[in-house]
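Listed here are the chains, written in short residue letters.
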Amino acid sequence: PLRVMSLNLQYYSSYPADEAAAEQKLKDVLRPDDPDQSPDVIAVQEGLASRDVLRAIGFEQVICAGREKVAQSVREMVYADAATLKICPEKLHDELLCNQI
């Protein structure tokens, strides 16, 4: 059977700053010891066009709304709401927020 998973990265607002720890957590969830439990396709919501964190654990990005020029910045997508922007690292506010497969 085809296994599809949805993963909302919420513009990396709660993504660990420690890249190694983040990668390990993704591996634990997405690449379990039993390969039959690993998803074949992951639909990423609220990712960033500039980041492809799933490549490091063996997934290939097929399409990204940002690469296709049909995405807005994080700032635009949250209507420049100060409270929402506060939970996201400032350096990411002008990055393209997008969906990816």
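The coordinates are above.
Residues numbered from 1 in each chain as written. Predicted model: local features only at pLDDT ≥ 70, side-chain atom pairs only at ≥ 80, totals over all residues. Heavy atoms only, no water.

Chemist: Teacher, can you tell me more about the pairing of strand S1 (residues 4–8) here?
Modeler: The pairing of S1 with strand S2 (residues 41–48) spans five bridges and is parallel. Considered in S2, the bridge of Ser6 is made with Ala43. (Pairing = 2+ DSSP bridges. Helix = DSSP H or I, 4+ residues; strand = E, 2+ residues; numbered from the N terminus.)

Chemist: I keep staring at the nonpolar core and nothing clicks. Help me out?
Modeler: Considering soluble globular proteins, one finds that nonpolar side chains tend to be buried as a cluster. Grouped together as the largest cluster of nonpolar side chains are 21 residues, with contacts concentrated most on Leu26, Leu30 and Leu54. Contributing elements (two or more residues each) for this core: helix H1 (19–30) and S2. Ignoring any residue separated from it by four or fewer positions in sequence, one finds Leu54 in contact with Leu7, Leu26, Leu30, Ile42, Val44 and Phe59. (Core = buried A, V, L, I, M, F, W, Y, C linked by side-chain atoms within 4.5 Å. Buried < 20%, exposed > 50% of the residue type's maximum accessible area, 1.4 Å probe, protein only. Contact = heavy atoms within 4.5 Å.)

Chemist: I tried to follow H1 on my own but got confused; where do I start?
Modeler: It helps to recall that an α-helix has 3.6 residues per turn; residues three or four apart then point in one direction. The first and last C-alpha atoms of H1 sit 16 Å apart over 12 residues, in line with the 16 Å expected at 1.5 Å per residue. Every buried residue of H1 is listed here: Ala22, Leu26 and Leu30. All buried residues of H1 lie within an arc of 50° about the axis, which places them on one face of the element. Residues of H1 that are exposed and angled more than 90 degrees away from the buried face: Ala20 and Lys25. (Expected span 1.5 Å × (residues − 1). Arc of directions from axis to C-beta.)

Chemist: How should the pattern of salt bridges be read in this particular structure?
Modeler: Pairing of side chains with opposite charge becomes possible as their charged atoms draw close. Inspection of the entire model under this criterion finds five salt bridges. The salt bridge involving Asp52 is made with Arg55; its shortest N-O contact spans 3.3 Å. Using a relative accessible area of 29% as the deciding quantity, one classes Asp52 as partly exposed. (Salt bridge = Lys/Arg side-chain N within 4 Å of Asp/Glu carboxyl O.)

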